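Each chain, letter by letter, is given below.
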Amino acid sequence: MNTTTSSRRFDADLRPVVALLAGAVATSLVVLSAGRAVAPHVSLPAGLFGFLLTAVGSGLTLAVALVVLRWEGVPPSALGLGFGRRRAATAVALVAGLWLAINAVGAALLVTVGATVTPQLPSGLTPVQFGFFVVEQLLIVGLVEEFVWRGYLQTKLRDWSAARGLPTGTARAAGIVAAAALFALWHVPQRLLVQGMDLGTTAASVLLLVGLGVGFGLLYEATHSVLFVALLHGSWNVRPFFFAGETAGAAPAWVGPVVVYGVPLVVTLAVVVAYRRWVGAERVDVDRHAAA
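Quantities reported herein were computed from a predicted structural model and do not represent experimental measurements. (Residues numbered from 1 in each chain as written. Predicted model: local features only at pLDDT ≥ 70, side-chain atom pairs only at ≥ 80, totals over all residues. Heavy atoms only, no water.)

(A) Region of interest: helix α4 (residues 127-163). Taking 1.5 Å per residue, 37 residues should reach 54 Å; α4 reaches 50 Å between its end C-alpha atoms and fits that length. The largest bend along α4 measures about 40° and falls at Gln137. Of all 37 residues in α4, 28 are buried; the element is thus mostly enclosed. Note on α4: the residue one or two positions beyond its end, Gly165, has a positive phi of about 95°. (Helix = DSSP H or I, 4+ residues; strand = E, 2+ residues; numbered from the N terminus. Expected span 1.5 Å × (residues − 1). Bend = angle between axes of the 7 residues up to and from the residue. Buried < 20%, exposed > 50% of the residue type's maximum accessible area, 1.4 Å probe, protein only.)

So this is what it looks like as structure tokens:
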């Protein structure tokens, strides 16, 4: 027997989705084009200019999403944007632990294979650039993108699918995949105008972003916390491993992929389990918020 979700927040009207996508694409094109015109040789992350460009673009996208959400008649807190003290403290502590664990385990693996480990900032950034980059990714990009694409769009598309009679699990999967695909396509102007990628590289980047979007979508469904998933999102963008390893001979082929991808993935899954255990993943019904 088919079972549809009983906690739908949105109706089946897709006009708000169209408005969100049009507004998000328009603001992205305007901000990125303006940034390219002002500083044609600057790419992100690039200190203060890149930070301001990202902040303006993210702020405008957030404004569009809030207008659409008001149209829908759903409060942001119903989508996991409310930052209760316990939830926020747990999210911050676990993500700080994520950074520590990634570095401790990664450095230990490098030492185990005989590498000489030296401190190094990610991507060769200067300390000032890295500081801007961390704030940008954790407190601006992560929060806005997770609220817009997972909190609103994924939930909206999940509810739309459920209204079409799809079973709960199928509707949830449809929402996750559709939101991830739109999230990836939204990045195309940034890849072309800012990073200067060719079409082939952009297509590969879009496929990677779809995969990441699905991953973040699963995390959001597991925790229903925009803040927690945003901090994880920002952390994966930063790739916070602060060491480089050099070996006298040839290092085993598995070391690089394990340190760069395997360790962060395993640690991320561990902190998600910890978050669910300590905080829970209860869903706040929109009717309770409306009555509060």
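That shown, we press on.
(B) Summary view of the nonpolar core. Core analysis: the largest hydrophobic core is formed by 60 residues, its most contacted members being Leu20, Tyr152, Leu153, Phe228 and Leu232. Of all the secondary-structure elements, those providing two or more residues to this core are α1 (15-38), α2 (47-72), α3 (85-112), α4, α5 (168-186), α7 (199-223), α8 (226-238) and α9 (255-278). Among the elements that take part in this core, α4 stands out by supplying 12 residues, more than any other. If we ignore the near neighbours within four places in the chain, the residues touching Leu232 are Val95, Leu98, Phe216, Leu219, Thr268, Val271 and Val272. (Core = buried A, V, L, I, M, F, W, Y, C linked by side-chain atoms within 4.5 Å. Contact = heavy atoms within 4.5 Å.)

(C) Looking closely at the packing of α8 against α9. At a closest axis distance of 12 Å, the pairing of α8 and α9 adopts a crossing angle of 170°. Between α8 and α9, the interaxial angle falls into the category roughly antiparallel. Of the residues in α9, those touching α8 at Phe228, Leu232 and Trp236 are Tyr261, Pro264, Leu265, Thr268, Val271, Val272 and Tyr275. Tallied by class, the residues present in the contact of α8 with α9 amount to 9 nonpolar, 1 polar and no charged. (Axes fitted to C-alpha atoms, helices over the stretch in contact; angles between N-to-C directions. Parallel < 35°, antiparallel > 145°, perpendicular 65-115°, else oblique. Nonpolar A, V, L, I, M, F, W, Y, C, P; charged D, E, K, R; others polar.)

(D) Main features of the side chain of Asn103. Turning to its location among the elements, Asn103 is positioned in helix α3. What makes Asn103 buried here is its relative accessible area of 8%. Engagement of the side chain of Asn103 in a polar contact is seen with the backbone oxygen of Pro240, the distance being 2.8 Å. With sequence-adjacent residues up to four places away left out, Asn103 is seen in contact with Pro240, Phe241, Phe242 and Phe243. (Polar contact = N/O pair within 3.5 Å; in protein donor to acceptor, adjacent residues only side chain to side chain.)

(E) Spotlight on the layout of surface pockets. The space that makes up the second largest pocket amounts to roughly 200 Å³. Contributing to the lining of the second largest pocket are Gly211, Leu212, Gly215, Phe216, Leu219, Leu232, Trp236, Leu265, Thr268 and Leu269. Among the elements of the structure, α7, α8 and α9 are those that each provide at least two residues to the lining of the second largest pocket. Top contributing element to the lining of the second largest pocket by residue count: α7, with 5 residues. (1 Å grid on protein atoms, 1.4 Å probe; cavity = no way out; pocket = protein on both sides within 12 Å on 5 of 7 lines; lining within 4 Å. Points joined across faces, edges and corners; volume = space filled by probe spheres on them.)

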